[in-house]
Amino acid sequence: MVRALLAFALLSPVLWADRVVTTPRIAIQMRLGSPSRLENRLTGEVLNLQQVMDAPWVELPKERIAQAEADKGSDDAFAVKGKLSCRTQATTGPDGDVVLTQQAQVAKPGLRGVGWGFAGVSSKDVQVVVPGGSGCAFGGNRGTPFRELTFSWPIGWEAGFVLLQMEKGGFIVWAKDPNWQYKRVRLRHAKGLFSLRFQSEAEAPFEKVSQLQSVPWHIAAYRGDWREGAKIYRSWLRARLKPPMIAKRTPTWVGETNALVISGMKHEIIQELAKHVAPARTVLYVPSWRRDGYDMNYPDYTPVPEFAPFVAEAHRLGFRVMAHVNYFGCDPKHPLYESFEPYQLRSPGSDKRQWWTWPRDLEPDEEPRIKFAYIHPGLKAWRQELVQRFTKLVEETGVDSLHLDQTLCLPNHNRGRVDGLSVPEGNLALHRDLRAALPDVALSGEGLDEVTFLYEAFAQRHAARAVNHVTKAWDDRFIRTTHPICSYLFAPHTTINGYLGMSNPRSGGVWDAWVQAYELWGSIPT
C-alpha cells in the first residue's frame, strides 16, 4: 500500500446506546458500530473487549477525508460528512450467528474499501488462528512476534475467516462470500492486546466506484477446539464448491502418491533413486526442462531434446513426471507479448504493469536476467494459447503432471474484468479448461487457497515469515506460529508437498526449519 496515496476515513458513529444482538448461540454487544463484548452461549465464555475500536471506516485512494460528523436517531452505526456515508448493520442470522453488513457511498467515485473491527483481545487468554500464510496462530503459548500483520485474500488470506480460540470454545468471524470479493484482515498487537480490522474491497478500477456493499461478515460461537470453528467454514465451502477428495481425483495414481523429488534429468540418478523409494508412489518434479531455460521466454514450452527420453526412462522405472510451467507468464521479448500486452495485469490504484523479475535486488540501471509480464487469465485467447501449448507438450513428452507456477497470484486488476472474468475467476477457468483438455494429467499449483484447491491435485507450500528461501534464514518465533488450519481445509482434497525453493537435507539448520514448518501441514516428503 502506498500510504501517501491512500487514506482511511474514520466515521463518527451515531450517538446511540449499546445494542445487544442475541441468538441461542451467541450474544454480541455493539458499541460505536463495532463489537464491544462477545458471549459464547454454548460455553458461557465471555470476551470482554478491553478497548473501543475505531468506528467503521471507508478507504479512498488519492484523497484525504476529514473525520465525519454523525447523524442522529438511527438504530445502526451511520455516519456522514457531506456526501460520504457508511452504514453498519448487525442482524441475527439463520444459523444462530450474527451478521454484520456495511454499505458505503461517496459522491465522488474513488471508493476502495469499507471495514469494521474490534480491539482489546487478550493475547494471553485468546489464540487468533488465521488460514493464511499456509496456516498460523498467534497468542497463548505460540507467541506474537509482530506488531502488525495484514492478510489479503486470497494470496495471503487463503480462506476468508478468523478464529478466536478460548479454553472451552471460541468465535469464528467469516465472510459468507460466494462471489470471491477481495477482502483483508489486519492484526495488530501491543501491550498484550490484539486488534482485528476486517475490510471488504471494491473491484478495481476504484475511480469508477462510488458505492460498495461489504461481504456478509458472520460471527458465530462454537464449543470445542479450533477444528469445531473451522468446520463451520469448511462445511459451507464444501457445500458450495463440491471439491473432490484426493481418493476420487483423476488420474487415479494421485491418491497413491506419498513422495515428491525435485529432479534434474540424469538417468543414473533416478535409477539409483528407484532402489530407495516406491517409484509408483513418487513424482519426479522437473523445473528445468525447457530449451530457453527456467522462467525464460514464456510462453514457449519447447523441451530440450533429452527431456522426452528422460520421461520415458522415468516411466520404465515406474515414476510419474511433473513438468514446471507458468499460468500467466509472458516474456516481453516473446512475439506474442505485443498481442497480449493490453491485458497485462496492473496494480490497483497506481495502474503500474505487473512483472516478475529476477534477481530482485538490482540497481536502477541493471536489467534483470529474468523478466516476464503477468497476463490476465480471464482472457479467453490466453487460456486457449496455453491449453494448446500444454497439450502439445504432453503429447510430445508424455509427462503425467503440470505444475502451474504462481497460481497463488490472484491480484485485483486495475483495469477490471477481461472477457467478463475477474482474475480469480480466470484462474479457475484455466484450471477447468486444462482438466477438460487433459483429463489424464494431474495439475499442481504454487500456494493453495479456496480458489485453486478445486482443481489442483498437488500444491507447493511456502513457509511464509518462518523461512526465507532466498537468504536461507529462518525465524524460530514464526515457526512456532505455524498451524494446521489450512491443511484441515484443503489437505483432504489436495496433496501438499514442499516448495521448489526449499533447501536440501545437507543444508543443516535451514533444512530443519523447513521440516518443522511442514510437520503440522502434512506435507509429503519432498
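> What should I look at first to understand the overall build of the chain in this one?
When its secondary structure is counted, the chain shows 9 helices and 32 strands. For a compact globule of 526 residues, the expected C-alpha radius of gyration is about 24 Å, and the chain comes in at 24 Å, within 12% of that figure. For the chain, the C-alpha atoms occupy an extent of roughly 75 × 50 × 45 Å along the three principal directions. A buried classification covers 59% of the 526 residues belonging to the chain. Counting only contacts in the chain whose residues sit at least 6 apart along the sequence, the fraction spanning at least 24 positions is 73%.

> Is there a simple way to explain the layout of surface pockets in this structure?
The probe, sized like a water molecule, is rolled over the atoms to show the empty space still left. Of the pockets and cavities examined, the second largest pocket occupies roughly 350 Å³. Lining the second largest pocket, in full, are L260, V261, I262, L500, M502, S503, N504, P505, R506, W511 and T526. Looking at which element gives the most residues to the lining of the second largest pocket, the answer is strand 21 (residues 259–262), with 3 residues. In terms of residue class, the lining of the second largest pocket is built from 7 nonpolar, 3 polar and 1 charged.

> Just checking my understanding: could you explain the nonpolar core for this structure?
For soluble globular proteins, nonpolar side chains are generally found buried alongside one another. Within the largest apolar cluster, 129 residues are counted, with the highest numbers of intra-cluster contacts made by F161, L196, F198, F307 and L402. Here L402 is in contact with M322, A323, V325, F390, L393, L438, V441, A442, L443 and S444, once residues within four sequence places are set aside. V58, L84, V106 and F206 belong to the second largest nonpolar core, which has 13 residues in total.

> So what exactly am I meant to see when it comes to empty space enclosed by the protein here?
In the structure shown here, the tally under the stated rule is 5 cavities of 30 Å³ or more. Quantified by volume, the largest cavity comes out at close to 70 Å³. If you go around the largest cavity, the residues you meet are G133, G135, C136, F138, A463, A464, R465, A466, F478, T481, T482 and W521. Split by residue class, the lining of the largest cavity holds 7 nonpolar, 4 polar and 1 charged.

> Looking at this structure, how should I read the sheet that holds strand 29 (residues 458–461)?
Strands pair in a sheet through their backbones, by hydrogen bonds, and they do so in one of two ways: parallel or antiparallel. Spatially, the 7 strands line up as an open sheet ordered 21-22-23-27-28-29-32, and their pairing is parallel. Looking at the sheet topology across the chains shown, the edges are occupied by strand 21 and strand 32 (495–498). Neighbour-to-neighbour, the strand axes of this sheet turn through a mean angle of 30 degrees, independent of strand direction.

> So what exactly am I meant to see when it comes to helix 3 (residues 307–317) here?
Since the α-helix advances by 3.6 residues per turn, residues separated by three or four positions end up pointing in the same direction. Regarding helix 3, the residues found buried are F307, F310, V311, E313 and A314. Take helix 3 and look down its axis: the buried residues cluster within an arc of 165 degrees, on one side only. Of the surrounding elements, those touching the buried residues of helix 3 are helix 2 (267–273), strand 22 (282–286), strand 23 (320–326) and helix 5 (380–397).

Calculation rules
Residues numbered from 1 in each chain as written. Predicted model: local features only at pLDDT ≥ 70, side-chain atom pairs only at ≥ 80, totals over all residues. Heavy atoms only, no water. Helix = DSSP H or I, 4+ residues; strand = E, 2+ residues; numbered from the N terminus. Rg over C-alpha atoms; globule rule 2.2 N^0.38 Å. Buried < 20%, exposed > 50% of the residue type's maximum accessible area, 1.4 Å probe, protein only. Contact = heavy atoms within 4.5 Å. 1 Å grid on protein atoms, 1.4 Å probe; cavity = no way out; pocket = protein on both sides within 12 Å on 5 of 7 lines; lining within 4 Å. Points joined across faces, edges and corners; volume = space filled by probe spheres on them. Nonpolar A, V, L, I, M, F, W, Y, C, P; charged D, E, K, R; others polar. Core = buried A, V, L, I, M, F, W, Y, C linked by side-chain atoms within 4.5 Å. Pairing = 2+ DSSP bridges. Axes fitted to C-alpha atoms, helices over the stretch in contact; angles between N-to-C directions. Arc of directions from axis to C-beta.

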